Amino acid sequence: MVKIHPAGIFLSRKLLRYLLSFFCILLIVFLLPRMMPGDPVSNLVGEDIYLSQSTIDSLRAAFGLDTPLHEQFIRYCLQIMHGDLGYSYHMHGPVFEILISRAWWTLLYTIPSIIIGAWIGISLGARAGFQSGKWWSDVIASIALVISSTPPYLLSLLALVLFVYHLGLFPFKGFYDTYNLQSILYHLTLPTLVLISFYASRNILIMRGAVLTEKELLYPQFARSLGIPEREILFHHIRKNAIIPLIVLIALDFGFLFSGALFIEIVFSLSGMGSLMYDAILARDYPILTGSLLIIAIFVIIANITADIMSLIIDPRIRRSS
Amino acid sequence: MRKSQHKMCTLLFLILSIVSVCCSMGVMADDAILRIATTNEVKSPAFIGDYTLGLFNHLSNPPLMQMDENGKLIGLLADHYEVSPDNTEWTFVIKDNQFWSDGTPVTADDVAFSIQMYGTSIPNAGWIGETLTDTQVDGNKVTFKFNKPYTNLALEFTSYSILPKHIWESIENPNEFTSTGPYVGAGPYYLDNVDLNAGKVIFKRNPSWKGKISDYDTVEISWFKNEDAAAKALESGIMDTYWKYASSYPYAAIDSLRKTGNFEMLEKPTSGLTFLGFNLKREPMSDPAFREAVSSAINYQELVDISTLGYGLVPNRGFVPPAMDGYIQTKPMEYNLETAKKTLDSAGYKDSDGNGIIEAADGKDITLDLLIRNSYAREAELIKEYLEKAGIGVEVRTVEDNTWFEMKDKLDYDITLTRTTPWGMLMHAGWATGYFDSRRTGQGVLHTVDDEVFLKLCDDILSTTDQTLLKEYAKEVQEYYAENLPGIPLYWKNDITPYNKKITGWYSNPLYGIMNEFTFTGVKSSA
Amino acid sequence: MTVINIPSWLKKMRYTPTFCIIILGIFVYAAIFPKTISPYSPDIRFSPYGEPDENHILGTDDMGYDILTLLIYATRISLIIGVFAGILSLCIGTSIGIASGFHQGWVDDLMMGVTDIILIIPKIPVTILIAAYLHPSIWILIIVLGLFSWETTARVVRAKTMQIRNSGFVLSSRCLGFSSFSIIIHDIIPVIYPVLLPKFMLTIASAMISEASLSFLGLSDPMMESWGKMIADAFDHGGFIREMWWWFLPPAICMCVTVLAITRIGMIYESNEPEMVFE
């Protein structure tokens, strides 16, 4: 009973904070696209098309752009409460459906990448940190650092040129060529591998750093002195503590699934969420932009909540301190 | 615990490798598919609403008119047309023996319906809605009556795909209508599938097509999100050709494509060009002598070398390239730094404080605000260097595309770099007048010239279809450009279309390149 | 446990802090005095797309500039961007993280709320927005990059701070009545430091990479030559299609080496003793 109580207060305070954040975020994701210079209407048509002023005016009215900003915002909030994210004239469809269909594909290759990247990062990173004197620890750390300090599009492009063009192992574009499992796997393997290497390398570095610090503390020495036999048990103790900063990052990875995918999607010509958002920014497609930013915001908030809860569970010190 | 993790890891990797190797086996079964690579992306499966799909669907739904390889207007769905003397009544005679892919014949009703639908429901074609007063169908003839004279109508009608009335009349909002296909079409092919996830559009042979046919049952147009992937795909042989609207195959990629030995290059001069535009509402750009000086300060040959890698030439003062019908020879643009400096000096722009930058009448240094979109960064760097050598300061301001549209419409710049497209050159009164006439605003146009002489010339052109008169006007327009330099052409260029050596029968027109009916009825594979 | 025998001289040469300081020193020198080591002046153009030969060790780019020259002159901008954005990000992140983790309560909620909001604001629209209204310059870029990368640092620092806040030594300091400020400085920061360092390296790396990514998308200032911009140029102007690895790999290698060097120097706080106490 006593244990649950503080956690209960802890969580409800967090919830309040998240709700307030959410409202601020709603305001921001609404305002930001509309503050950008440029006009959604002019980007509705191609470079060569001439629109008469009356057409432009009627289009702006259709977009709802002819009313004052605060009215538009209130209308938008009401829409959201009904679960309606609006309609996109650039993409010719309801925002919600478009987001779902694109998000589904992006999730298909990003979620496995994050999970596998986390797994590799934690296991390899912990071992590298734990046995930091060995030569292979340095090698792993260096490789991870090289990958982390290379621009993502460069790595993706190199992968494209090497594995697709020169070696012909994978296809050039698309989520599939014909809609079957074989084709999908074939097309998604390389982007997933590239994405895994990004996540894994960053995780390796952080985990390694964290484990290195833990190693120096007293409790591992004490455990050793007790003759606790296997390194693995030591492993579990140290790993639990070292993993905290990493949990936060991995949770954020889930939150930022979509934005992180942008370069992969441009290089491998995948029509997923990343490129949807990028196109929406360039075309000033407000409904899609606001809708996707909102979804991302929700993801991130959920990710944060999860990270907080997991920190609570894993580390009793955090529980106690609140 | 660790050992089993290792086992799982290796197992997973093995599975992945096996799968990918398996998949790579059965990929290239090449059965009569013509594969076209492009970087124009289809963003949504809206047959009319999506801009790129609207370009591709000419293949399945031919418009009334088309351009031949010399830029002359000839019939496509229509056989020919007649115009009333006052240019307000246009009658199109529809060819016989054309059938939709569901078997029904193409009739003048379809044409009437399509054009009317464009006018009422499609924002792009709003002008039709505003000016079309009456449509009459008589057998295989359609007559359109407008409330004002149109001299350009035949040209405009090269871009509107004709739709089957019996399918589209029940669709409520055609601009927003989406479907991945198949769509009923009357061309040599019909659009079978728009697959956004696979990144391609698939056209299949129209079973009811009565004309000449190519060797290919299927045409696939695949889009890539970056040019490098498209170029590499072409090089690797999985694509047969590359097409991008109003653009050439990237010049930098031509050499390595040639090295593969599998491709020929189709080289055609184009009327699209890159130019430097002046904000004529501000000083000193409003001073013709200043513009003259700027034009002498630019090293055109170097621009041609760097921007077109030799696939272009130094332009003439007349702005309009030889590729355009009505071209007249004017003096070439000349690079002479000394002349530039002298012109500035005699026009009253001197550098009195010796800091290397000339001053305006009010004594302030002249530093021009050069506003560009990111794709013009290279040329902007060069222009800045050239102008600074002549004593004119330049600050380059790079903004993203949509921001550029807004700022140039607000005339918030001194000079800018932008391009014309073949279509844009024909727009308004033709010969690039669409870019300069201040009464006509739009996406890529500068609308900076409000000189009476120029505006009257545009109006004169718009009021006649007399070919001899038009040639005379074209000459006057080019002479106007040569004398006043509202925009300085930086280089003329040739568009390169690469194609698989083993395929013959390619036909290219100035508007849509190889995407025309001659190509798709004539390509033959010698493989 | 087997120990692999790496000859000691190789060990010493490969990855010591001294070696890395020398490497960094070379970069800093190139940043301050590019003229002295560059073979040509950066505004001379030769024939474009030249392959490496005795006149141009790294060939020429699409406009004919000597690539080695570009590389050397780009050092200054890249280093300034990376390091300053990293420092900015580190300072903001650490302060917010410590304040949040240490004080907890409503301070924590407020700070984390702000962090969440900043976290969610998308970088690209803001960059477009700023570029439209302010003339893009290197300092604006640094501020933008710094302001958008401190969130993860803050969270990590906060997590660690909360962990040790109630540990023995901190509690004793609080008992003894030391001010929060001195507790933070003397007790918390030294413990956080080793976790901060990899984060700092990653932030520098990510600042350089973000700048490269913005160049790739065409959103950074194209008049500003940095390593990231060179890679983006290679991409935009046929460097990849023509497989001119001598154009895009050297800047990438420079970025890598810089980060590696800074990291190694930062890692001096790591113990190098192999875990062999109880064999």
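> Looking at this structure, how should I read the overall build of chain C?
Counting its secondary structure elements, chain C contains 12 helices and 0 strands. Secondary structure elements in chain C, listed N-terminal to C-terminal, are α-α-α-α-α-α-α-α-α-α-α-α. Residues counted as buried form 51% of the 279 residues belonging to chain C. Partitioning the contacts of chain C with sequence separation of at least 6, the portion at a separation of at least 24 is 70%.

> Which parts of the structure should I look at to understand the sheet that holds strand E4 (residues 78-83) of chain B?
Picture the strands of a sheet paired through backbone hydrogen bonds; they go either parallel or antiparallel. All names here are of chain B. Strand order across the open sheet formed by 4 strands is E4-E5-E7-E6, with antiparallel pairing between neighbours. At either end of the open sheet lies a strand with only one pairing partner, and these are E4 and strand E6 (132-138). Shown here is a sheet whose adjacent strand axes are inclined to one another by a mean of 20°, direction ignored. Pairing between E6 and strand E7 (residues 141-146): 6 bridges, direction antiparallel.

> Sorry if this is basic, but what is going on with the interface of chain C and chain B here?
Buried accessible area, meaning the area lost when the parts come together, often serves as the stated size of an interface. In this complex, chain C contributes 18 residues to the contact, which on the side of chain B involves 18 residues. At 3 residues, the largest contribution of residues to the side of chain C that touches chain B is made by helix H6 (residues 123-133) of chain C. Partitioning the side of chain C that touches chain B into residue classes produces 11 nonpolar, 4 polar and 3 charged.

> Any chance you could explain unusual backbone geometry here in plain terms?
Both trends apply: most residues other than glycine have a negative phi, and most peptide bonds are in trans. A cis amide bond links Gly181(B) to the next residue, Pro182(B), at an omega of -10°. You can see Pro182(B) is positioned in the loop between helix H6 (165-168) and strand E8 (189-195). Pro284(B) follows Glu283(B) through a cis peptide bond whose omega is -5°. Examined against the element boundaries, Pro284(B) turns out to sit in the loop between strand E13 (274-278) and helix H9 (288-297). Even without glycine at this site, His92(A) takes up a positive phi of about 55°. Relative to the elements of secondary structure, His92(A) occurs in the loop between strand E1 (87-88) and strand E2 (93-94). With a phi angle near 50°, Leu485(B) is a residue other than glycine that sits in the positive phi range.

> Looking at this structure, I do not really get the interface of chain C and chain A. What am I missing?
If you look at the interface, chain C gives 57 residues, while chain A gives 61 residues. Looking at the side of chain C that touches chain A, the elements with two or more residues in it are helix H5 (105-120), H6, helix H8 (150-165), helix H10 (180-216), helix H11 (227-236) and helix H12 (245-266) of chain C. When residues in the side of chain C that touches chain A are grouped by element, the largest group, 10 residues, is from H10(C). Tallied by class, residues from the side of chain C that touches chain A come to 38 nonpolar, 10 polar and 9 charged.

> How should I be thinking about the pairing of E7(B) in this particular structure?
The side chains of a regular strand alternate, residue by residue, between the two faces of the sheet. Residue and element names in this part refer to chain B. Summarising the sheet, strand E5 (residues 89-94) and E7 pair through 5 bridges and their orientation is antiparallel. Note that in E7 the partner of phenylalanine 92 across the bridge is valine 142. The hairpin formed by E6 and E7 contains 2 residues between the paired strands, and glycine 139 there has a positive phi angle of roughly 65°.

> Help me understand the packing of helix H4 (residues 95-130) of chain A against helix H7 (residues 181-216) of chain A in this model?
Between two packed helices, the angle of one axis relative to the other and the distance separating the axes together describe the packing. Running from amino to carboxyl end, H4(A) crosses H7(A) at an angle of 35°, the nearest separation of the two axes being 6 Å. Taken as a pair, H4(A) and H7(A) cross one another with a handedness that is right-handed.

> Whenever I open this one, the packing of H4(A) against helix H12 (residues 273-283) of chain A confuses me. Can you help?
All names here are of chain A. At a closest axis distance of 8 Å, the pairing of H4 and H12 adopts a crossing angle of 135°. Between H4 and H12, the angle is such that the two are oblique. Mapping the contact onto sequence places Arg102, Ala103 and Thr106 in H4 and Met273, Gly274 and Leu276 in H12. Residue composition of the contact of H4 with H12, by class: 3 nonpolar, 2 polar and 1 charged.

> Explanation requested: the pairing of E13(B) in the structure shown.
All names here are of chain B. Where burial is concerned, most of E13 is hidden: 5 out of the 5 residues are buried. The pairing of E13 with strand E17 (residues 415-419) spans 5 bridges and is antiparallel. Bridge pairing in E17 links glycine 277 to threonine 416. Of the strand pairs in this sheet, E13 and strand E18 (residues 487-500) are connected by 4 bridges, and their pairing is antiparallel. Counterpart to threonine 274 in the pairing with E18 is tyrosine 491.

> Honestly, the confidence of the model for chain C in this entry has me stumped. Any pointers?
Any region with low pLDDT has predicted coordinates that should not be read closely. Residue and element names in this part refer to chain C. For chain C, per-residue confidence averages 80 on the pLDDT scale, and 90% of positions sit at 70 or higher. Within the model, the stretch residues 1-13 combines pLDDT values under 50 with 5 contacts to residues more than four positions away or in other chains. Confidence over residues 271-279 falls short of pLDDT 50; this stretch has 11 contacts with residues more than four positions distant or in other chains. Under the prediction, the complex receives an ipTM of 0.87, its pTM being 0.87.

> Sorry if this is basic, but what is going on with H10(C) here?
Owing to its 3.6 residues per turn, the α-helix brings residues three or four apart onto one side. All names here are of chain C. Between its first and last C-alpha, H10 extends only 45 Å over 37 residues, short of the 54 Å set by a 1.5 Å rise per residue. Helix geometry: H10 is bent most strongly at isoleucine 189, by close to 50°, with proline proline 190 lying one to four residues after it. Counting buried positions over the 37 residues of H10 gives 27, a clear majority of the element. Directly beyond the C-terminal end of H10, a positive phi value near 80° is found at glycine 218.

What counts, and at which threshold
As a convention, each chain's residues are numbered from 1 in the sequence order in which they are written. Lettering of chains starts at A and numbering of ligands starts at 1, both following the order in which they are written. Predicted model: local features are reported for residues with pLDDT of at least 70 only, side-chain atom pairs are reported and counted for 80 or more only, and whole-chain, interface and lining totals are derived from all residues. Going along the chain from the N terminus, every DSSP run of H or I of four or more residues is numbered as a helix, and every run of E of two or more is numbered as a strand. Burial in this document is a count-based property: other C-beta atoms within 10 Å of a residue's C-beta are tallied, and the residue is buried at 20 or more, exposed at 12 or fewer, or partly exposed in between, with C-beta positions derived from the backbone. By definition, residues are in contact whenever their C-beta atoms, placed on the basis of the backbone, come within 7 Å of each other. One requirement defines pairing of two strands: DSSP has to find at least two bridges between them. In this description, a line fitted to the C-alpha atoms serves as the axis of each element, helices being fitted only across the stretch in contact, and the angle between N-to-C directions of two axes falls anywhere from 0 to 180 degrees. Side-chain classes follow a simple rule in which Ala, Val, Leu, Ile, Met, Phe, Trp, Tyr, Cys and Pro form the nonpolar group, Asp, Glu, Lys and Arg form the charged group, and the remainder, Gly included, forms the polar group. Note on convention: near helix rotated counterclockwise from far helix by under a right angle means a left-handed crossing. Clockwise means right-handed. Oblique is the label for every angle not falling under 35 degrees (roughly parallel), over 145 degrees (roughly antiparallel), or within 65 to 115 degrees (roughly perpendicular). Every residue is assigned a pLDDT by the predictor, reflecting its confidence on a scale from 0 to 100. What a helix is expected to span follows from its residue count: subtract one and scale by 1.5 Å. The angle between axes fitted to the seven-residue stretch ending at a residue and the seven-residue stretch beginning at it gives the bend at that residue.

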